[in-house]
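Chains, contacts and geometry: an overview
Single-letter residue listing:
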Amino acid sequence: MKRAAIHTLGCKVNQYESEAMAEMLIKEGYEIVPFESQADCYLINTCTVTSLSDRKSRQMIRRAKKKNPNALLIVTGCYAQTAPEEIQNIPEVDLIVGTSRRNELPQLIKQAEQERICAVEDIMLQRKFEALHITEYGPNRTRAFLKVQDGCDRYCSYCIIPYARGHVRSRKKEDVLAEIQTLAQNGILEIVLSGIHVASYGRDLEHTDLLDLIQCAHEIQGIERIRLGSLEPNCITEEFISALSKLPKFCPQFHLSLQSGCDNTLKRMNRHYSAKEYADGVALLRRYFPNAGVTTDVMVGFAGETEEDFQESLRFVETIGFSQIHVFPYSIRKGTRAANFPNQVSPQEKERRAAKMLRLGERLTKRFLEKNSETKAKVLIEQEVAPGIYEGYTPQYIRVQIPSEENIAGQILEVTLHSPEKDFIFGKI
């Protein structure tokens, strides 16, 4: 049996696509092995959201070839889509596939065994959702990410992803529901509906949208929890949130992308909302879900961001009181409008601001955990992380560690939360 190793960089959508490609390879007779193992085929699913992502992708390509110089080397994903010429300059790469044609992977591999192939096509011409499916899951899985949408039409001035993923394309509702049925039959208890811009789901389909999809998924027996991937503030409407609050399986955890709490910066970013509109959306969330976990992304050092702009963003983040924030220094991406903006911030200043924002994020996470201390929550136990210590998540996505002499993985249990740590909390059944 031939051996294949897969390394995935980037987002949950990439993770889903890698699992789907792994299943294709298994059906072709491959055994999937860890990436550090000796393999006959290495597949790197790349990310290009920052220049660091590009660099990590190139590092993994070089590392794979060192493992086995005779292995077939496949590079796919967003970096492959936006920079195929760069990858073609790496002679060890045998097959380059962008963000389409992954469903043709077995046929492309057979061709690449004979000659080097670049199968990257113009993603902006794609108008149909690429059908990738996962029908089998390994043992002890409790949560699964489900890709329901691809592409983005927002064109934020700093973002390369619309050029890597193309226009909005939605997966047919009946196809999504069929896969959720399969997930339930495989013992999956929680699903996370994911996409490049998941709030756009259904815009290119008739008679459905994201809320309709969630409501239909809610009716499927065996699925106990439903989460959403990253959302944009514009989709937080009273109709949407009110409807979600009536669904017992829906988890009140919202990753609501912010990027900046300063209006001047938001305008230059082309983010389509103001800080007040964002704050109003969070207030609406908390009216219907008083203890919701609200997480976000914050970018620091965007082109033209002054110290005053940064301080305004810092104050806004503290005012909102997120449960967790992901902080990114701005990275210039060739091909975006912001790459040519004046007044670029120095790398040293970006790192200083990132460190300050991260410290604030740690304080906010601690505050959120302390707020939930000495409360009870239903925890989906995922795995044993140390002898007699199990880990899982509350509906608000609080990470909980629980002592137990029995194997409790794969169960939803009521737990009393206590003793907050840096980014998790201890609990007792």
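Anyway, here's the lowdown on the structure attached to this text. (Residues numbered from 1 in each chain as written. Predicted model: local features only at pLDDT ≥ 70, side-chain atom pairs only at ≥ 80, totals over all residues. Heavy atoms only, no water.)

Where helix H12 (residues 307-320) contacts helix H13 (residues 347-372), the two axes come as close as 10 Å, and the packing angle between them is 10°. If you check the angle between H12 and H13, you find them roughly parallel. The interaxial crossing formed by H12 with H13 has right-handed handedness. On H13, the residues that touch Glu307, Phe310, Gln311, Ser313, Leu314, Val317 and Glu318 of H12 are Glu349, Arg352, Arg353, Lys356, Met357, Leu360, Leu364 and Arg367. Per-class residue counts for the contact of H12 with H13 are six nonpolar, two polar and seven charged. (Axes fitted to C-alpha atoms, helices over the stretch in contact; angles between N-to-C directions. Helix = DSSP H or I, 4+ residues; strand = E, 2+ residues; numbered from the N terminus. Parallel < 35°, antiparallel > 145°, perpendicular 65-115°, else oblique. Left-handed = near helix turned anticlockwise from the far one by under 90°. Contact = heavy atoms within 4.5 Å. Nonpolar A, V, L, I, M, F, W, Y, C, P; charged D, E, K, R; others polar.)

It is worth spelling out the pattern of salt bridges at this point. Throughout the structure, instances matching the rule amount to 39 salt bridges. The salt bridge partner of glutamate 36 is arginine 63, with a shortest N-O separation of 3.5 Å. Here glutamate 36, found in the loop between strand S2 (30-33) and strand S3 (41-46), pairs with arginine 63, found in helix H2 (residues 51-67); they are 27 residues apart in sequence, far enough to count as distant. Judged by its relative accessible area of 38%, arginine 63 is partly exposed. A salt bridge links glutamate 362 to lysine 422, with the shortest nitrogen-to-oxygen separation between them at 3.8 Å. Taken together, the residues glutamate 362 in helix H13 and lysine 422 in the loop between strand S17 (412-420) and strand S18 (425-428) connect sequence positions 60 residues apart. Looking at glutamate 362, the relative accessible area reads 41%, which means it is partly exposed. Connected through shared salt-bridge partners, Glu17, Arg102, Glu130, Lys147, Asp150, Arg165 and Arg169 make up one network. (Salt bridge = Lys/Arg side-chain N within 4 Å of Asp/Glu carboxyl O. Buried < 20%, exposed > 50% of the residue type's maximum accessible area, 1.4 Å probe, protein only.)

In this section: helix H5 (residues 105-112). Among the residues of H5, those classed as buried are Leu105, Pro106, Leu108, Ile109 and Ala112. Seen along its axis, H5 keeps its buried residues to an arc of 165°; they face one direction. Those residues of H5 that are buried lie in contact with helix H1 (12-27), S2, S3, strand S4 (72-77), strand S5 (95-96) and strand S6 (117-118). (Arc of directions from axis to C-beta.)

Attention shifts here to unusual backbone geometry. Residues other than glycine seldom take positive phi values, yet tyrosine 155 does so here, at roughly 55°. Note that tyrosine 155 resides in the loop between strand S7 (143-150) and helix H6 (161-165). Phi angles above zero are rare outside glycine, and histidine 207 is one such case at about 65°. Structurally, the position occupied by histidine 207 is in the loop between strand S9 (190-195) and helix H8 (210-218).

With that settled, consider the side chain of serine 313. Tracing the backbone through its elements, the reader meets serine 313 in helix H12. With relative accessibility at 1%, the residue serine 313 sits in the buried group. The contact partners of serine 313, leaving out residues within four places of it in the chain, are Ser260, Gly261, Cys262, Val298 and Met357.

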